[in-house]
Amino acid sequence: MNFGSHLRTWRGCERSRPVVLLSIVFYTGVICLFAKHNFRQAEETATLDDAGQEIEVAGGRERTDANMIGASQKRTEQEIVFFLILCEGEAGDGQGGKLAADISRQLRQAAVMLKSAVALATKKLRFLVIADSKKLYHKFAEIPSHWPEEYQRKITMEYRYVWYPPNRVDMRNMFRVCATERLFLPEMFPELDAAIYIDTDLIFMRPPDDLWNEFDRFNDRQVAAMAPCLYHYGSKRNKVPFYGTSGLNAGIMHLNLTRLSTFPDGGWIPANMKVFEQYKKIIKLADQDILNILFHKHPDLLFELGCQWNYRLWQCSQGTNMCPHAAKEGASALHGNAMAFVSGQEMKLQFDEHNPAAEKTK
C-alpha cells in the first residue's frame, strides 16, 4: 500500500494549492487515524525503572543492560536502520519555549511517524533511539505494544543514552535540547555501516524502503544525504555559508558511517567542531547551520536528496511550488518542522488533539 502514489501532482501552487493541501490532508488523515488510537496510551503508559531489566519490544526481546544497549550491526538488505533522538530537558532562550520542549508533543509526533513508517514498510525497521533517560525511552518503546502483532513484528528498538564529548556538553542546549546530538552519532555507533537520522515530526507518505534505497544512488565518495532547504539560507536572516543555492534541511539525513570515519579535516567530529569554533557567534540553527557550512566546503561529499522526501509547509505557502520533484511524484515524506503540525498556523495540517494553540483557532 502506497499512500503517496495516490497523491496527485500539481503544476503550480497558485492555481491548485487547495487541491494539494486537501490531498495531503486526506492521506495524512488516513495514517493519523491509524495513529490516533494510541496517542493517549503513549502518554499514559506505565514506565519502567532504570534497573537493567528486559522488556518486550516488537520484533523480539530487547535488553536494556549496559552490554546490549545500542549494540550495532552491519547494514543488511533485510532491515532499515533509523536514528531517533528524544530529549526532555528544559527549553531556554532561543529554544522555542514550552511547546517546543514539551516531551508529550514529541512522543505523540513520534507515534505518528512510527505508525506511518510501519504501515508502509515492507522490510523490518530498526530504531536506534538516543534518549536522555531510560524512562523516556521506555515510553517510546511501549507505543507498539497495543498494535496488531503483524505490525509489532516489523519493529526492533535499541536504547543509547545521550552522549557528548567531555568538552562539548555546552552544545547540548543549542537551538532545541539535544538537536546537536546527531553530529556525534558516528562516534556512538562505530560498528554500524549506514543509517538514516529522522526528526520525530515526520509522516511517511511512501514506504521507508524507498528512502533507504537512496543510499544506492550515492557515488563512491558521498558520505551523507540531505534535502534542500529551499528557504531561509538565501535570506538576510542567515549569516553563515551554506550548501548549494538554498542550503540543506537536516530533518532527514542519510549517513554512510563507514565513509564518515575518513572525512577530511581530521575526521567527521573534528571537522564539525572546527566549523563550530569558527562560526559559533553567528550560528542560529545549531547543527543544521554547522552541516551547511561543512558541505559548503565539501559539496562533492553530499548526495542531494529530492525535496519530495522532506516536504514542508513553506514549500508551497507563497503561491509558488518550490519543489519540482513533488510536482511530479507527490510528497514522499511530510515534515512538520517549526512545529507546523501543532502550532495552529496551518489548520489543514493539524493533527494534535492536545494542542492548546490549535484549539484557540477553532
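It should be noted that the structure appears before, not after, this text.
Quick caveat: nothing in here was measured; it's all calculated off a predicted structure.

## Some details on the state of the cysteines
Applying the stated rule across the entire model yields two disulfides. Residue pairing for Cys-87: its cysteine sulfur links by disulfide to Cys-178, the two sulfurs lying 2.1 Å apart. Here the disulfide of Cys-87 and Cys-178 is left-handed, its torsion about the S-S bond being about -80°. Here Cys-87, found in the loop between strand 3 (79–86) and helix 3 (97–101), pairs with Cys-178, found in the loop between strand 5 (155–161) and helix 7 (185–188); they are 91 residues apart in sequence, far enough to count as distant. A relative accessible area of 3% means that Cys-87 is categorised as buried. Cys-178 sits in the buried class, given a relative accessible area of 1%. What pairs with Cys-307 in a disulfide is Cys-323, and their sulfur atoms sit 2.1 Å apart.

## As for helix 11 (residues 286–297)
Given 3.6 residues to a turn, an α-helix orients residues that are three or four positions apart in the same direction. With twelve residues, helix 11 ought to run about 16 Å at 1.5 Å a step, and its terminal C-alpha atoms sit 17 Å apart, in line with that. Extensive coverage of helix 11 is indicated by the burial of ten of its twelve residues. Among the residues of helix 11, Ala-286, Asp-287, Gln-288, Asp-289, Ile-290, Leu-291, Asn-292, Ile-293, Leu-294 and Phe-295 are the ones counted as buried. Tucked into the core, helix 11 has its buried residues touching strand 8 (224–228), strand 9 (248–256), helix 10 (268–279) and strand 10 (302–304).

## Looking at the nonpolar core
A general feature of soluble globular proteins is that nonpolar side chains tend to end up buried together. Membership of the largest hydrophobic core comes to 96 residues, with the highest contact counts inside it found for Phe-83, Phe-127, Phe-140, Ile-198, Phe-204 and Phe-295. When residues in this core are grouped by element, the largest group, nine residues, is from helix 4 (residues 103–120). Formed by eleven residues, the second largest nonpolar core is a distinct cluster that contains Met-205, Cys-307, Tyr-311 and Leu-334.

## Some remarks on the sheet that holds strand 6 (residues 194–198)
Spatially, 5-4-3-6-9-8-10 is the arrangement adopted by the seven strands of the open sheet, whose pairing is mixed. Of all the strands in the sheet, the pair left with one neighbour each is strand 5 and strand 10. Averaged over all adjacent pairs, the angle separating strand axes in this sheet is 25°, with direction ignored.

## Brief notes about a positive patch on the surface
A cluster of basic residues, Lys-236, Arg-237, Lys-239 and Lys-284, forms a positive patch on the protein surface. Counting through the fold element by element, Arg-237 comes out in the loop between strand 8 and strand 9. When its relative accessible area of 51% is taken as the criterion, Arg-237 is described as exposed.

## A closer look at the packing of aromatic side chains
As enumerated under the stated definition, the model contains twelve aromatic pairs in all. Ring centres 5.5 Å apart and planes at 50° place the aromatic pair Phe-215 and Phe-218 in the tilted group. Taken together, the aromatic side chains of Trp-212, Phe-215, Phe-218 and Phe-303 make up a single cluster linked through ring pairs. Against the face of Phe-189 rests Arg-160, its NZ or CZ located 4.7 Å from the ring centre.

## Concerning the pattern of salt bridges
Scanning the entire structure with this criterion turns up 13 salt bridges. Close ionic contact of Glu-79 with Arg-126 constitutes a salt bridge, the shortest N to O distance being 3.7 Å. Here Arg-126 lies in strand 4 (residues 124–131) and Glu-79 lies in strand 3, a separation of 47 residues in the sequence. Looking at Glu-79, the relative accessible area reads 10%, which means it is buried. Here Arg-206 and Asp-210 are joined by a salt bridge, their closest N and O atoms 3.3 Å apart. For Arg-206, a relative accessible area of 17% gives the class buried. Asp-210 gets classed as partly exposed once you look at its relative accessible area, which sits at 24%. Via salt bridges that share partners, Glu-79, Arg-126 and Glu-158 belong to a single interconnected network.

Each value, and the rule that gives it
- Residues numbered from 1 in each chain as written.
- Predicted model: local features only at pLDDT ≥ 70, side-chain atom pairs only at ≥ 80, totals over all residues.
- Heavy atoms only, no water.
- Disulfide = S-S within 2.5 Å.
- Helix = DSSP H or I, 4+ residues; strand = E, 2+ residues; numbered from the N terminus.
- Buried < 20%, exposed > 50% of the residue type's maximum accessible area, 1.4 Å probe, protein only.
- Expected span 1.5 Å × (residues − 1).
- Contact = heavy atoms within 4.5 Å.
- Core = buried A, V, L, I, M, F, W, Y, C linked by side-chain atoms within 4.5 Å.
- Pairing = 2+ DSSP bridges.
- Axes fitted to C-alpha atoms, helices over the stretch in contact; angles between N-to-C directions.
- Patch = residues over 30% accessible without salt bridge, like charges linked within 9 Å, V, L, I, M, F, W, Y side chains within 5 Å.
- Areas by Shrake-Rupley, 256 points an atom, 1.4 Å probe, with all protein chains shown as cover.
- Salt bridge = Lys/Arg side-chain N within 4 Å of Asp/Glu carboxyl O.
- Lys, Arg positive; Asp, Glu negative; His and termini not counted.
- Charge placed at Lys NZ, Arg CZ, Asp CG, Glu CD.
- Phe/Tyr/Trp six-rings, centres within 6.5 Å; stacked < 30°, edge-to-face > 60°.
- Lys NZ or Arg CZ within 6 Å of the ring centre and 35° of its normal.

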